[in-house]
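# Structural characterization, general
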There are 2 protein chains.
Amino acid sequence: MSTSDPTLDPALDPAVEAHLEATREARLASYLDLLRIPSISTLAEHAGDMRRAAEWIAAELTRIGFDHAEVSATPWHPIVYADWLHAAGAPTVLVYCHYDVQPVDPIELWETAPFEPFVRDGRVIGRGAADDKGQLHMHLRAAEALLATRGRLPLNLRIVFEGEEESTSVSMPGWLDANRGRLGADVVVISDTGFFEGNIPALTESLRGILYTQIDVSGPPADLHSGTYGGNVENPANALARIISELKDRDGVIRVPGFYDDVIPVDPAARARLAALPFDEAAYLERIGVPALAGEHGYTVLEREGARPTLDVNGIWGGFEGEGSKTIIPALAHAKVSMRLVARQDPLTLFEQFRDFVLRGAPPGVRVEVTRLGAGRPSATPVDQPVVRAATRALRATFGQEPVFKRNGGSIPVAEMFERQLGLPVVLLGFTNPDDNAHSPNESMVLANYEIGIRTICLLWDILGREGID
Amino acid sequence: MSTSDPTLDPALDPAVEAHLEATREARLASYLDLLRIPSISTLAEHAGDMRRAAEWIAAELTRIGFDHAEVSATPWHPIVYADWLHAAGAPTVLVYCHYDVQPVDPIELWETAPFEPFVRDGRVIGRGAADDKGQLHMHLRAAEALLATRGRLPLNLRIVFEGEEESTSVSMPGWLDANRGRLGADVVVISDTGFFEGNIPALTESLRGILYTQIDVSGPPADLHSGTYGGNVENPANALARIISELKDRDGVIRVPGFYDDVIPVDPAARARLAALPFDEAAYLERIGVPALAGEHGYTVLEREGARPTLDVNGIWGGFEGEGSKTIIPALAHAKVSMRLVARQDPLTLFEQFRDFVLRGAPPGVRVEVTRLGAGRPSATPVDQPVVRAATRALRATFGQEPVFKRNGGSIPVAEMFERQLGLPVVLLGFTNPDDNAHSPNESMVLANYEIGIRTICLLWDILGREGID
């Protein structure tokens, strides 16, 4: 039941604001401490750092006042769980963030060391500042502010902080099944998304899925002299280039048969919401720094990002990369190729279609292998949920601006897992600015977004605690 | 004038043979010493090793009895020059070899350290064992054997040992012009080629030219999140794959307009010589270790190698090469692409055509640069030269087998420079077995070819000294 006038924005509890104001410096220091742990999930050498980050967070949760804080084992990186369930009669929210980060390559394009974070021009700069340790830290500090001020939370919280989000959450389905008994909630709030262009507060109504693959092409057992053998031996790097070029046409349309079978067009209302967004294509182009945009004809930039699938090479390598010249036919060539998926596209089905297409097109002079490195389904969250309405009010009250709805081109596979495996509605509430360089060198978080966002979370918990969810 | 019966093979001077037999161990030790110097011309970090190798060779030339041994400066790596010009009335031969070697990547495929050579199963194993320090060393030892035995050579020799052959001899044209005054000769003998399949003694009648390029594709200034931007931003690695795939069709035909304009078909006699060679395609396929051969329809393997141009990617790289997954649109993608040229193809003209074709096909969302890293013209040496006839006799006498004529798919740009800039006829007399793994891991030289080849050279100098060249 909703008892408040939704046109009247509530204000943040002054006692909570006072606590937040008094603890600003310590909060920043703690934020930077968390960023200093190089928790790169995809690289085996950082397994110890992953564990260290999980333990750091679990200790914080206990210190703040959560119960049952635990570094919960999975087949790969641990998941941090905690709960606070003493608000009888109030809703239960499951909060999801992730403590793992992307690798740092190309390291030479970082202005400073990725894991030595610092503040400059109102931004926290460092790997994970935005995606997603900054947002995880906001949830820690929001709960701390409420608990420190009042000794209790206005609703029940369950915390699930993952360590494999940047590696397509491979352990998560099993962990969700095994922990189903302690994951009961009314809604999942995921903070791993961000604002709209121009730092306009936003809620995300859909996420693309992902299929991440590697293509390995092998020719001769060792590199060959390209003079002696050139013209008679299939070159694995040339073959790989051809395979990749045949995956997508010049207009960005993917040529894998069946790829678009489950791409259901977005409904007119959703398309209208996208069209209504204050999108400035010139500013977008300038921010990205490319000579021209590319992509499928017949769609806007925001539709291409949020409502259409795509395919990208994430890495390619083979043969001689040094200075000067080396005249060889390389023995091996490799590429990492990922697809972003929408609507009802299923990455496991698509992988079979993708692999078959690649293998069918491979020339007889090489051996080709295709491996699936990750998969996550696309997801969409209805915009008319009570929690979405409450989050809209909390954002408007704290940021002083009307929030918009956006469609996120990125993938958070757990969103769909929470929906499908646990039957929970999901709300995507994130606070980063689009120019945060997530996954890129010089990742940053606007410090004001971090600070105001903590207040948004406190206010949202208060609204939901007071008004309920249904 | 020729005074001998060409059907009667001369024999090696027994005194020279005795000397060679007595010095076998010391000769091998010296050979391995030379291989231990990592003289990789293309890598700046080895500039000191290049100089050390040149000085080692110049000191040997002096010790052996050559005059004017000099480490002669060029804008890049020095050229070793020496001469012995005391055989009045006898011909003058300019001997060319090179002391630089290919890089060693992929180092992990070497069974042993590339610059710690050793002998196993009748082979010297190590980078440069065959290409070309082994053959250079044969010329040092042949001249030493003659000078040590008789105090003189049967003809006049000029030595030109280069340090940039594996880097398309970029300093050579200038050096040849500047040193024209001391390069007068009747013929140039280049020892940088090898025998035919099955270790059949061979003389090489043509070399392919080369055009070596690098293609650099740049998109956004930094890697972008492939979720957020995938579908709107041209991916430099996808663009590069398309560019490469459009350079050559599935049958190996190069699609650069004008590319075949100067490809004059070989004459029927040359084609017949190729067809007469005892080529075993099954053995060739098995030795290379690929599932199937590739290449232009309508040509034999040996024609594709020696009489047709081709195009290969020698290296490609961009984006994430680590384990696991990283979801980025790479900022940069690069490829090294080289072409082998035949007949009258001119690499400088072709470079313009190649660059224009690549740039025309590049999508508007990326910037593309094409750089020329090296160029060498193709060359052909007539098979009816007196020196070729003499070399045939010397090979037959020492190896006990009739030599054949082969066309070499590799490139030795200096061959054409000697012909065009100095007006000198060139003879390609080399001694390596086709399974020598030149440019590949585990390069080797058959020790018997090295030993008998030294005797071939001694005998050839005796024949030319006695019979003259015209």
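Residues numbered from 1 in each chain as written. Chains lettered and ligands numbered in written order. Predicted model: local features only at pLDDT ≥ 70, side-chain atom pairs only at ≥ 80, totals over all residues.

### Observations concerning unusual backbone geometry
Rule in force here: Numbering of helices and strands runs from the N terminus, with a helix taken as a DSSP run of H or I at least four residues long and a strand as a DSSP run of E at least two residues long. Using C-beta atoms placed from the backbone, we call a residue buried if 20 or more other C-beta atoms fall within 10 Å of its own, exposed if 12 or fewer do, and partly exposed for counts in between.
Cis geometry is found at the peptide bond from D105(B) to P106(B), where omega equals -5°. Counting through the fold element by element, P106(B) comes out in the loop between β3 (92-98) and β4 (118-120). The residue after D131(B), namely D132(B), is reached through a cis peptide bond having omega 5°. For D132(B), the position within the fold is in the loop between β5 (123-125) and α4 (133-150). If you check the backbone angles, S169(A) has positive phi at about 50° while not being a glycine. On the neighbour-count criterion, S169(A) (29 C-beta atoms within 10 Å) is buried.

### Concerning the relation of the copies chain A and chain B
The test is simple: Only residues with pLDDT of at least 70 in both copies count here: their C-alpha atoms drive the least-squares fit that superposes the copies. Residue pairs are scored as contacts if the distance between their C-beta atoms, which are placed from the backbone, is within 7 Å.
You can overlay chain A on chain B at an RMSD of 0.1 Å; the transform is a turn of 179° with a shift of 0.0 Å along its axis. Taken together, these values place the two copies in the relation of a two-fold axis. A shared binding surface is used by both copies, with 99% of the interface residues of chain A retained as interface residues in chain B.

### Considering the pairing of strand β3 (residues 92-98) of chain A
Residues and elements named next belong to chain A. Quick reminder of the rule: In this scheme, strands are said to pair when DSSP sees at least two bridges between them.
With 6 of 7 residues buried, β3 is to be regarded as a mostly interior element. Of the pairings in the sheet, the one linking β3 to strand β6 (residues 156-162) comprises 7 bridges and is parallel in character. Its bridge partner being in β6, L94 is matched across the sheet by R158. Here β3 runs beside strand β7 (residues 187-190); their pairing, made up of 4 bridges, is parallel. Note on β7: the bridge partner recorded for V93 is V187.

### Notes on the domain arrangement of chain A
Residue and element names in this part refer to chain A. What counts, and what does not: Boundary definitions for the domains trace back to an automatic or database domain assignment. Ten residues, namely Ala, Val, Leu, Ile, Met, Phe, Trp, Tyr, Cys and Pro, are considered nonpolar, four, namely Asp, Glu, Lys and Arg, are considered charged, and the remaining ones, Gly among them, are considered polar.
If you check the domain split of chain A, you get domain 1 (14-207 + 378-467) and domain 2 (209-260 + 309-376). Centre-to-centre, using C-alpha coordinates, domain 1 lies 35 Å away from domain 2. Counting residues at the interface gives 9 residues for domain 1 and 11 residues for domain 2. In terms of residue class, the side of domain 1 that touches domain 2 is made up of 3 nonpolar, 5 polar and 1 charged.

### Observations concerning the sheet that holds strand β5 (residues 123-125) of chain A
Residues and elements named next belong to chain A. Selection criterion: Here the axes come from fitting lines to C-alpha atoms, over the contacting stretch only for helices, and the angles between their N-to-C directions go from 0 to 180 degrees.
In spatial order, the strands read β4-β5-β18; together these 3 strands make up an open sheet with antiparallel pairing. In the strand order of this sheet, the two ends are held by β4 (118-120) and β18 (444-446), each with one partner. The average angle at which neighbouring strand axes cross in this sheet is 30°, direction not considered. Summarising the sheet, β4 and β5 pair through 3 bridges and their orientation is antiparallel. Paired with V119 across the strands is V124, a residue of β5.

### Brief notes about the interface of chain A and chain B
Contacts between the two partners involve 88 residues from chain A, matched on the other side by 87 residues from chain B. For the side of chain A that touches chain B, the element with the highest residue contribution is strand β11 (residues 310-319) of chain A, accounting for 9 residues. The residue inventory of the side of chain A that touches chain B, partitioned by class, reads 35 nonpolar, 36 polar and 17 charged. With 5 bridges connecting them, β11(A) and strand β11 (residues 310-319) of chain B associate as antiparallel partners. Each residue of the ladder has a partner; that of G319(A), found in β11(B), is G315(B).

### Here's the deal with the packing of helix α2 (residues 24-35) of chain B against α4(B)
Residues and elements named next belong to chain B. What counts here: Should an angle lie under 35 degrees it is considered roughly parallel, over 145 roughly antiparallel, and from 65 to 115 roughly perpendicular; all remaining angles are considered oblique. Crossing handedness is defined as follows: a turn of the near helix away from the far one that is anticlockwise and smaller than a right angle gives a left-handed crossing, while the clockwise case is right-handed.
Interhelical geometry of α2 versus α4 gives an angle of 140° and a closest axis separation of 10 Å. The angle between α2 and α4 falls in the class oblique. Pair α2 / α4 crosses with right-handed handedness. Contacts between α2 and α4 pair R27, Y31, L34 and L35 from the former with K133, G134, H137 and R141 from the latter.

### Quick word on the packing of helix α4 (residues 133-150) of chain A against helix α14 (residues 447-467) of chain A
Residue and element names in this part refer to chain A. Their axes nearest at 9 Å, the elements α4 and α14 cross at an angle of 55°. Between α4 and α14, the interaxial angle falls into the category oblique. Viewed along their axes, α4 and α14 form a crossing whose handedness is right-handed. Taken together, the residues of α14 that come into contact with α4 (itself represented by G134, M138, H139, R141, A142, A145 and L146) are Y450, G453, I454, I457, C458 and W461. When the residues that make up the contact of α4 with α14 are grouped by side-chain class, the tally is 9 nonpolar, 3 polar and 1 charged.

### Points about the nonpolar core
We count it as follows: Joined through C-beta atoms within 7 Å, a set of buried Ala, Val, Leu, Ile, Met, Phe, Trp, Tyr and Cys residues constitutes a nonpolar core.
Core analysis: the largest hydrophobic core is formed by 86 residues, its most contacted members being I159(B) and A391(B). Residue contributions to this core peak at 9 residues, all from helix α14 (residues 447-467) of chain B. Setting aside residues no more than four positions away along its own chain, I159(B) makes contact with L61(B), F66(B), V80(B), Y81(B), A82(B), D83(B) and V95(B). Among the nonpolar cores identified, the runner-up in size contains 85 residues, and L94(A), I125(A), I454(A) and L464(A) belong to it.

### Observations regarding the sheet that holds β5(B)
All names here are of chain B. In space, the 3 strands of this open sheet follow the order β4-β5-β18, with antiparallel pairing throughout. Among the strands making up the open sheet, the edge pair consists of β4 and β18 (444-446). Shown here is a sheet whose adjacent strand axes are inclined to one another by a mean of 30°, direction ignored.

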